[in-house]
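The lines below spell out each chain.
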2 protein chains.
Amino acid sequence: MYVTISSEQANNARPLRSASKQPTPIAKAFKAGANLYFEGDRVERIYQVCSGVLRLTRLLEDGRRQVIAFGFPGDIVGFPCDGRYHTDCDVLTEARLQAYHLSALEGESGNPELHKELLQAALREISAMQDHFMMLGRKSAIEKVASFLCVLTERMSRDTGPRNQAFLPMSRSDIADFLGLTTETVSRTLSQLRKRGIIAINNIHTIMVLQPQALFGLSQGHEGMDCPTKPDLHGLARAC
Amino acid sequence: MYVTISSEQANNARPLRSASKQPTPIAKAFKAGANLYFEGDRVERIYQVCSGVLRLTRLLEDGRRQVIAFGFPGDIVGFPCDGRYHTDCDVLTEARLQAYHLSALEGESGNPELHKELLQAALREISAMQDHFMMLGRKSAIEKVASFLCVLTERMSRDTGPRNQAFLPMSRSDIADFLGLTTETVSRTLSQLRKRGIIAINNIHTIMVLQPQALFGLSQGHEGMDCPTKPDLHGLARAC
DNA sequence: CGTCAATTTGAGTCCAATCAACTCCCGTGG
DNA sequence: CCACGGGAGTTGATTGGACTCAAATTGACG
């Protein structure tokens, strides 16, 4: 999952086998902390997240890290390139994953339906990554963090209804490495949002959005937008 | 094209119809400055660059811009998502483009061979974009510029042989918006590389790489790698 | 309750952005 | 041919936001 604002396309995420009758028959369970694969491994399976959260990362020689994406339910991870994975992939919270053997996707024996679905998933991925470029290249720290929270709440509410609550299964340093910041800056920015009354931090992994409009405004670069007239919580819930 | 160091996969770029006999039969010419499409336009064609250079951009409401990628010969541009383009696309230098109608890629009438090629192209695109994340999120200005030059020279030399020369068809502000910097910083960083004897700037659009190893070192974050053994004064003299 | 890691907060620094001036390059027209 | 104009690029001075280093606090877990 790429944290972006214009992510309508993510709504289309669905099981690759949605056409079939059986509801994802052979999903396997993975424990938190487990590693799915490393960068450079030969690709044998592609995974779709049924539940839980994954983390895709890349490393630079000197240890600098970039979190490429988080894998939320509905997402596909493990896109191959030249037969290899190009990120590491770890399980953040206990997850159920649907694995697809690469052999089912290529060659004459390949399932053309699956092949088509995979292309659609890859094209959505490209679009989402393009959004994320804007964030990494052109947004300030507070815009990045606000964007991140906006998409998380949007993503959450899609399943559980509009609850204005974000669950952050990942650590602060995961967030930092995703947004191109440091853990200190992420922490400071969250504190600032809390002090301004825009969010409340229930615990490290649970954040309540008190002023969704203000948060959205900040994510778009509109400074000082707390309570422009009155917070239209209903409208925002609909919008996000 | 995404400016990254580990871009071996780009070597695989090839015409979508490589299997066919005819050498890209219906490539059309486009003038510099032409617009191929805008973000949000309905996708009807996907393009492969035969010659020339394209620029893919995104805009934020307030005018901030991110150059998503440059389209060099061999690259595919116009990946659709939900039937729409998700970037603007403009022609930087007079280009010949091979257009593929979207109808040829989907539905029952679609060419399955083309479909497969498109998926491969999309997967390469994803991998290249992942590399670029690291650059935008975690690299310093000099690392970004050095990386950019490294990949440009690598990309050039692929066709014309190793000539240690980079042609920059785009403006400084295009480079800046691609790397997440300002034009001033790009300009300053190039000057710094020139003063250190690592590159020479023939003219605004042509750069000679005098110390490829030092440039590569800088792109990877190794500081102070000029002249590892002895300074090649001849190279410098030639350049200046 | 104690330990240790993760997170938060604080103080100071630095890199890149900003604001501003100047140069260079070209094309245009007197 | 040269003066002029204007945009792109470069360079300089200053500012500011995020980083770094360091300390305090919280929280998870035995």
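Residues numbered from 1 in each chain as written. Chains lettered and ligands numbered in written order. Predicted model: local features only at pLDDT ≥ 70, side-chain atom pairs only at ≥ 80, totals over all residues.

What to know about the interface of chain A and chain B
Here is step 1 of the chain: Chain A puts 35 residues into the contact, and the matching count from chain B is 35 residues.
Here is step 2 of the chain: Taken together, the elements giving at least two residues each to the side of chain A that touches chain B come down to β4 (65–71) and α1 (112–138) of chain A.
Here is step 3 of the chain: Per-class residue counts for the side of chain A that touches chain B are 15 nonpolar, 12 polar and 8 charged. (Contact = placed C-beta atoms within 7 Å. Helix = DSSP H or I, 4+ residues; strand = E, 2+ residues; numbered from the N terminus. Nonpolar A, V, L, I, M, F, W, Y, C, P; charged D, E, K, R; others polar.)

Brief notes about the protein's contact with DNA strand C
Here is step 1 of the chain: Taken together, 17 residues lie around DNA strand C, and A:S187, A:S191, B:S140, B:A141 and B:T185 are the ones closest in.
Here is step 2 of the chain: The leading source of residues in the surface near DNA strand C is helix α4 (residues 183–195) of chain A, at 6 residues.
Here is step 3 of the chain: Partitioned by chemical class, the residues of the surface near DNA strand C number 5 nonpolar, 8 polar and 4 charged. (Near = placed C-beta within 6 Å.)

Focus: the protein's contact with DNA strand D
Here is step 1 of the chain: Lining the immediate environment of DNA strand D, one finds 18 residues, of which A:S140, A:A141, A:T185, B:S187 and B:S191 sit closest.
Here is step 2 of the chain: Looking at the surface near DNA strand D, the elements with two or more residues in it are α4 of chain A together with α3 (172–179) and α4 (183–195) of chain B.
Here is step 3 of the chain: When residues in the surface near DNA strand D are grouped by element, the largest group, 6 residues, is from α4(B).
Here is step 4 of the chain: Considering only residue class, the surface near DNA strand D consists of 5 nonpolar, 9 polar and 4 charged.

Some points on the sheet that holds strand β8 (residues 199–203) of chain B
All names here are of chain B.
Here is step 1 of the chain: Spatial strand order, β7-β9-β8: 3 strands in an open sheet with antiparallel pairing. For this open sheet the edge positions go to β7 (165–167) and β8, each flanked by a neighbour on one side alone. The mean inter-strand angle of the sheet, taken between neighbouring strand axes irrespective of direction, is 25°. (Pairing = 2+ DSSP bridges. Axes fitted to C-alpha atoms, helices over the stretch in contact; angles between N-to-C directions.)

Observations concerning α1(A)
Here is step 1 of the chain: The terminal C-alpha atoms of α1(A), which comprises 27 residues, lie 40 Å apart, in line with the 39 Å expected from a rise of 1.5 Å per residue.
Here is step 2 of the chain: Among the 27 residues of α1(A), 21 are classified as buried, and the element is accordingly described as predominantly covered. (Expected span 1.5 Å × (residues − 1). Buried ≥ 20, exposed ≤ 12 C-beta atoms within 10 Å, placed from the backbone.)

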